[in-house]
Structure formats: structure tokens, C-alpha cells
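Chains, contacts and geometry: an overview
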Amino acid sequence: MNLMSPSRDTTKKAVLYRMVMEAHVCPYGLKSKDLLEREGFTVEDHWLETREATDAFKAEHDVATTPQTFIDGARVGGYTELREHFGRAVTSKDETTYQPVIAIFSVAALMALAFGYAAEGTVLTGRAIEWFFAISMCLLGIQKLQDVESFSTMFLNYDLLAKRWVRYGKIYPFAETLAGVLMIAGALTWLSAPIALVIGTIGAVSVFTAVYVQKRELKCACVGGGSNVPLGFVSLTENLVMIGMGLWMPIRMMVWGG
């Protein structure tokens, strides 16, 4: 007599329809397949290999996009809906985030430590903080330089000087980056310090006025014109760092030289 319970198929199965064409493989289809497999599903993977096949699938299931996932015969939806189905975080396109700023400052800190090790054989160098601030200025400048037009448009929402002199919005990214580069090199302090001090002071006053006086809710242009970083503490900190560097660099040069 067999006392063991009958075996049951406990494998989770999902059916996925995604575009796989000679000139285009849908990235969200690949992400959907990967997510399903990481959730323990066996995927029945159906390729839509032509535009005609894709359009026919959309018409049959009355959907506007692919990929589409079906679990237990019920349509779950595209990649975003699939993430929601599994209780995973979904970021809205317009949702504010500090991720770009965290990435920039984290990399700047690591680069500062690397500079110290390369220059002095140790990460515990007195110039690490100085390099960190200067590198941060360069990285923030790069973000703006990727699309100067977009940055300058967003910048006009709150910068006091840019509102009076529109061209300043296009000069700012170059000025910030130049000041940062010169400060890393410890060169032409007579130029880098005034630049940082002037644009930092104007920026700090502008941000403080817009956020803390006028109570406006704006997106920060500090990491470029396409960012969803909220205007406030981050941008104010960026400007205060430039003010601090604008004051510190001449002092260091006069006291310690170089």
C-alpha cells in the first residue's frame, strides 16, 4: 500500500507575449521575463516577430502595448503592472527623487578618496574634503551641460539673476564646471574662487527666496533640466558649498600656499 500522497505539479507558470523582431527586441519584454523567472515562474514565452503579429495580438486582447503577461489565465498586463502584481515598487515618471543627487555625491566621495590615495598614498588626506566638494561641482556641472537649454529653462523658474539676464542660465553650467576643475588642480585660484563665490551666493539667495520665503514647490535644476529632484535643501547645499570653496581656496593659498 502506497502511503505517500500523490505528487502535485506546484510549478508556477506564466504566459508572456513580447516583441522579438529582427530590428527590435522589446526591453520591457526581457525585463518581464526576468522578473517572472526571479519570482519562480516557468515562462511560456511567445514571440511577436512581425508588426502584423503584434497588431493582431493587441486587437485580439484589446490592449495598447506589449509585453503582456497572463497568470492562471488572467491578464496581468505590462511590465509596470507585473511589478505591481508582485508588490514591487513602481516609480512614477513625475515622482520626485533624490537618487541622482545621492549617486553624484557618493561617486564624488569615492573619487576624492581615490585622488588622495593616488597623490599621497592614503585616503586619509586633508585635501579629501576639498576634492570632494570640487569634484561634486564638476559632476553637477556635467549634468547641466548634457542639455544646457533644458537646464536654463528650468533655472529661470527661480534664479534671481537669470530672470533679469536670461543668458546667465546658459553661462552657469560652464562657470560651475570650470571653477570645480580649477579647484581640483589648485590652479588659478584668483579666477575659480570669485566664480564659485558669486554664483554660489546668487544661487543660495535665489533658492532661499523661492522655497523658504515664497513657499514655492519647484523642481531643482541642480542635476540638469530633466531631473525630478525637488528644489530646496539639495540646491541650497550645492550653493553653500560653492560659497565655502570660494572663501576657503584663497585662504588655503595664502596660509599654506599652492
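Whatever comes next refers back to the structure up there.
Residues numbered from 1 in each chain as written. Predicted model: local features only at pLDDT ≥ 70, side-chain atom pairs only at ≥ 80, totals over all residues. Heavy atoms only, no water.

**What about the overall build of the protein?**
Looking only at helices and strands, the protein features 10 helices and four strands. Along the chain direction, N to C, the helices and strands of the protein fall in the order β-α-β-α-β-β-α-α-α-α-α-α-α-α. The C-alpha atoms of the protein give a radius of gyration of 26 Å, which is well past the 18 Å a tight globule of 258 residues would have. The C-alpha extent of the protein, read off along each of the three principal axes, is 95 × 50 × 40 Å. Buried positions account for 40% of the 258 residues belonging to the protein. Pairs at least 24 apart in sequence give 66% of the contacts found in the protein among residues at least 6 apart. Element-wise, carbon and sulfur atoms account for 61% of the exposed surface of the protein, whose accessible area totals about 14,800 Å². Positive and negative side-chain charges of the protein, numbering 23 and 25 respectively, have mean locations separated by a distance of 7 Å. (Helix = DSSP H or I, 4+ residues; strand = E, 2+ residues; numbered from the N terminus. Rg over C-alpha atoms; globule rule 2.2 N^0.38 Å. Buried < 20%, exposed > 50% of the residue type's maximum accessible area, 1.4 Å probe, protein only. Contact = heavy atoms within 4.5 Å. Areas by Shrake-Rupley, 256 points an atom, 1.4 Å probe, with all protein chains shown as cover. Lys, Arg positive; Asp, Glu negative; His and termini not counted. Charge placed at Lys NZ, Arg CZ, Asp CG, Glu CD.)

**Some remarks on helix α10 (residues 233–255)**
Taking 1.5 Å per residue, 23 residues should reach 33 Å; α10 reaches 32 Å between its end C-alpha atoms and fits that length. All of the buried residues along α10 are V234, S235, L236, E238, N239, V241, M242, I243, M245, G246, M249 and R252. If you follow the buried residues of α10, they end up packed against α4 (99–120), α5 (128–145), α8 (168–185) and α9 (189–213). (Expected span 1.5 Å × (residues − 1).)

**Focus: the nonpolar core**
Counting 41 residues, the largest nonpolar core has F155, Y158, Y172, M183, I199, V223 and L231 as its most contacted members. Apart from residues lying up to four places away in sequence, L231 is in contact with Y158, V207, A210, V211, L218, K219 and C220. Counting 10 residues, the second-largest nonpolar core is a separate cluster that includes L16, V43, I71 and V76. (Core = buried A, V, L, I, M, F, W, Y, C linked by side-chain atoms within 4.5 Å.)

**Here's the deal with the side chain of T54**
You can see T54 is positioned in helix α2 (residues 51–61). Residue classification places T54 among the buried positions, given a relative accessible area of 0%. At 3.0 Å, the side chain of T54 and the backbone oxygen of T50 are in polar contact. Not counting the four nearest positions on each side in its chain, T54 is found in contact with M19, M21, L48 and T66. (Polar contact = N/O pair within 3.5 Å; in protein donor to acceptor, adjacent residues only side chain to side chain.)

**Remarks on the sheet that holds strand β2 (residues 41–48)**
Spatial strand order, β2-β1-β3-β4: four strands in an open sheet with mixed pairing. The two strands at the open ends of the sheet, each matched to only one other strand, are β2 and β4 (74–77). When the angles between neighbouring strand axes are averaged without regard to direction, this sheet yields 25°. With eight bridges connecting them, strand β1 (residues 12–19) and β2 associate as parallel partners. Its bridge partner being in β2, L16 is matched across the sheet by D45. Sheet strands in contact with helix α1 (residues 27–38) are β1, β2 and β3 (68–71), and its direction is about 170° off that of β1. (Pairing = 2+ DSSP bridges. Axes fitted to C-alpha atoms, helices over the stretch in contact; angles between N-to-C directions.)

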